[in-house]
Amino acid sequence: MEPVGIKTLECMVYIVRDLERSRRFYVEHLDFAIAGESTPEHEAASGERTILFQAHRCKVLVVAPVTEESRAAKWLKTHPAGVAELVFQVQDADKALKLIESRGGTPICDVEEQVDGDGRALKQFGITTPFQAVWRFVERVQKGGLYQGIKGRELGEHNSLRFGHFDHITSNFSTLSPALLWMEHVMGFERYWGINFHTVDVDPARTSGSGLKSVVMWDPNSGVKFANNEPQRPFFDASQIALFVQDLRSDGIQHAAMTVRDIIPAVRQMREKGLRFMPTPASYYDMMPQRIEQSGIQRIDEEIETLRELEILIDGKAEHAYLLQIFMQEAAGLYEEADAGPFFYEVIQRKGDKGFGGGNFRALFESIERQQRAEGRI
Ligand SMILES: [Fe+2]
């Protein structure tokens, strides 16, 4: 199938009520830089105030409503804070639109010629998706441009935690097939990885539990990857995927994984700044030497005691090929406010493993379940 011409996943558009809280999160906790801000003219025209945060190739455009008629305000009437758009850079916006529409995609506008807050030209269009998030496709007519009405400049690596790029975006659906078919037939993506997991697989005697089916699709051209989950019976409604959809009040984007060059100092620094992560059971680390042996990883460069101290997870299946990952607490938990939403970030360091921490699903499930149990929800 002819590729749409995606070069990269450029940016996530995240809608919030409290922009100052986002600034503290990205700048103070994650050492992101402010790459751009909305111009007064754009704020007046859109009824929104916007800040573009950037750490190397991870860009997040955080938008807060100024007026109740704005797009951001409309989002917040039907959802908590969360990811409302993904922005892809494409080689040729006109070609991409033609291709997507010919395959049954749904553009929300024609290709528009725009300028960013410094007058740099870009072409863009958006489409609706089964993700409840708009996918926007931007062609950079002038290099180094930002987004319509955003003034600032592209930054370099510039981050003490050494974030790299979005490794993958994970979304939750009540039913997965329409999204997978759409990605395959409209976007030309291919299946990359898949897993089914249920806590009853661990203990068939359980009278409660949580399960999911997960399929990763990717655009082989750009390498952009999407992990996609649906709940799995038994205890369908208690699946953390079903609870997420309930919390977001729709299907949508659950987490974004950002690569990091060296996860140990990065997590240490984030913890020192007071950032909270999903807890990992101590037994996970007691079992780690055995898991490293049985999985075939055989040896790791890190001290298990350091991973235990920082609660970093490990997964892999070939000798000395593995990944290290950790999940931040979701925004609603970080801020103890339901309207902050169920989205969270993953931090991942790949050391030869191309999977998605399937072996850690159990640990992640257990930690989320513990939290949901503590909240009396399951
Ligand atoms: Fe992930």
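The model shown is predicted, which means the values in this text are computed figures rather than measured ones.

So, how was this worked out
Residues numbered from 1 in each chain as written. Predicted model: local features only at pLDDT ≥ 70, side-chain atom pairs only at ≥ 80, totals over all residues. Pairing = 2+ DSSP bridges. Helix = DSSP H or I, 4+ residues; strand = E, 2+ residues; numbered from the N terminus. Axes fitted to C-alpha atoms, helices over the stretch in contact; angles between N-to-C directions. Contact = placed C-beta atoms within 7 Å. Domains from an automatic or database assignment. Nonpolar A, V, L, I, M, F, W, Y, C, P; charged D, E, K, R; others polar. Buried ≥ 20, exposed ≤ 12 C-beta atoms within 10 Å, placed from the backbone. Arc of directions from axis to C-beta.

*Asks:* How would you summarise the sheet that holds strand β18 (residues 344-351) if you had to cite specific residues and measurements?
*Replies:* What the eight strands build is an open sheet, ordered β12-β13-β14-β11-β15-β18-β17-β16; its pairing is mixed. Of all the strands in the sheet, just β12 (190-198) and β16 (313-318) have a single pairing partner and so form its edges. Across the sheet, the mean angle separating the axes of adjacent strands is 25° when strand polarity is ignored. As paired elements, β12 and strand β13 (residues 211-218) share eight bridges and run antiparallel to each other. By the bridge assignment, E190 is partnered in β13 with W218. Packed onto the sheet, helix α7 (residues 240-248) meets β11 (163-172), β13, β14 (225-231) and β15 (252-260) and runs at close to 100° relative to β14. Strands in contact with helix α8 (residues 263-272) are β15, β17 (321-327) and β18; relative to β18, the strand with the most contacts, it is inclined by about 155°.

*Asks:* So what about the domain arrangement of the chain? Which residues, and what values?
*Replies:* The domains assigned to the chain are domain 1 (6-152) and domain 2 (163-374). A straight line from the C-alpha centre of domain 1 to that of domain 2 covers 25 Å. Listed per partner, the contact involves 28 residues of domain 1 and 34 residues of domain 2. Every element with two or more residues in the side of domain 1 that touches domain 2 is listed here: β1 (6-15), α1 (19-29) and β5 (82-90). Take the side of domain 1 that touches domain 2: its biggest share by element is five residues, from β1. In terms of residue class, the side of domain 1 that touches domain 2 is built from 13 nonpolar, nine polar and six charged.

*Asks:* Which residues make up helix α5 (residues 177-185), and what are the values?
*Replies:* Within α5, the full set of buried residues consists of A179, L180 and M183. Buried residues of α5, seen end-on, are gathered within an arc of 100° and therefore sit on one face of the element. Among the exposed residues of α5, those oriented more than 90 degrees off its buried face are S177, P178 and L181. Along its buried surface, α5 packs onto β13 and β14.

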